[in-house]
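Here is what each chain is made of, one letter per residue.
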Amino acid sequence: ATRDDAESVATIGQALDAGVNLIDTGDFYGVGHNELLVAQAIRGRRDDAFLSVKFGALRTPDGGFTGFDGRPNAVKNFCAYSLVRLGVDTIDLYQPARTTPEVPIEDTVGAVADLIAEGKVRYLGLSEVNADQIRRAHAVHPVTAVQVEYSLATRFIESEILPTLRELGIGLVGYGALSRGLLTGSAAGSFAPGDFRSHLPRFSGDNLERNRARVALLESMAAEKGCSPSQLAIAWVLAQGDDVVPIVGTTNRTRLAENLAAAEIDLSDADLTRLAEAFPDGAIAGDRYPAEHAGIIAR
């Protein structure tokens, strides 16, 4: 897909204008390019944005992923580069994008705690971690938020991770509210060259057909509510609690406006029950990521 940087910057600006303040990025998004776009969008209005940055994924010049580095020296190096790219003195929420067995989470989190003490970072976050890792990290330094996938299509966190967060008073930042477009009702069977989804199990073969049939339930409920399936899916995540913040990625202003309207949708207890029953945990066929990625994600 062609990239329209001007539209991307304008979209972030319009989100800030609308009162959206959580801007989520990663130093590896676009191999640093995304941070440069965010820098343009927040120039002159730093106080309007709460900057959340993920770090640690290692990339090649042509965009491939080669692993993860959570060693303390690397963490401080990543932060230094992000501060320069973003054009800011402080990152609001800083979190390892993943964890690895070879670097104890205590070491990675300890480095972020050092950055907080130095004033380079305000709050510690985590991403794609399990309940045990959350407890271990929280014992080193209070964790403010955990970013993990959460949607009608992906509800595994409800059994152990979400109760742990609530016990410890940690917020949830749920990404993938639309399950990479699956819940928009427009998932096609073929993708443009380079589309990440062509490798995802949920969009492949029989899984896609089964999942489309399931998403048809969401489409009919959305039609009843007079909204789009996307809006209904986002509204469901919003309704899961004041401690749950969905992040929804978009690169254009039209989609932004549609997504923001989800906040106006009023879901009754009956609506929420119906949605939850239509999309129980495991209802969507296929894993979240391909098998070769499984080693670097929580589940």
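Given the structure is predicted, the values throughout are model-derived calculations rather than measurements. (Residues numbered from 1 in each chain as written. Predicted model: local features only at pLDDT ≥ 70, side-chain atom pairs only at ≥ 80, totals over all residues. Heavy atoms only, no water.)

What follows concerns the confidence of the model for the protein chain. Residues at a pLDDT of 70 or more form 91% of the protein chain, whose mean pLDDT is 89. In this model residues 294-299 is a low-confidence stretch, pLDDT under 50, and it forms 12 contacts with partners more than four residues away in sequence or in other chains. (pLDDT = per-residue confidence, 0-100. Contact = heavy atoms within 4.5 Å.)

Turning next to the pattern of salt bridges. What the rule picks out here adds up to 17 salt bridges. Residue Arg-71 pairs with Asp-69 through a salt bridge whose shortest N-O separation is 2.7 Å. A salt bridge links Glu-167 to Arg-135; its shortest N-O distance comes to 2.8 Å. Of this pair, Glu-167 sits in helix H6 (residues 161-168) while Arg-135 is found in helix H5 (residues 131-140), placing the two residues 32 residues apart along the sequence. Each of Asp-17, Arg-45 and Asp-48 takes part in salt bridges that share partners, so that together they form one network. (Salt bridge = Lys/Arg side-chain N within 4 Å of Asp/Glu carboxyl O. Helix = DSSP H or I, 4+ residues; strand = E, 2+ residues; numbered from the N terminus.)

Attention now goes to helix H3 (residues 72-86). Relative to the 21 Å expected for 15 residues at 1.5 Å per residue, H3 spans 21 Å between its end C-alpha atoms, a close match to the ideal helical length. For H3, the complete set of buried residues consists of Ala-74, Val-75, Phe-78, Cys-79, Ser-82, Leu-83 and Leu-86. Check the buried side of H3 and you find it contacts helix H2 (33-42), strand E2 (50-55), strand E3 (57-59), strand E5 (91-96), helix H4 (105-117) and strand E6 (121-127). Where H3 ends, the next residue or the one after it, Gly-87, has phi of about 70°, a positive value. (Expected span 1.5 Å × (residues − 1). Buried < 20%, exposed > 50% of the residue type's maximum accessible area, 1.4 Å probe, protein only.)

The next thing to look at is unusual backbone geometry. One non-glycine residue with positive phi stands out, namely Val-31, at about 50°. Examined against the element boundaries, Val-31 turns out to sit in the loop between strand E1 (22-26) and H2. According to the relative accessible area criterion, Val-31 is partly exposed, its value standing at 48%. Positive phi, normally seen in glycine, also occurs at Glu-128, with a value near 50°.

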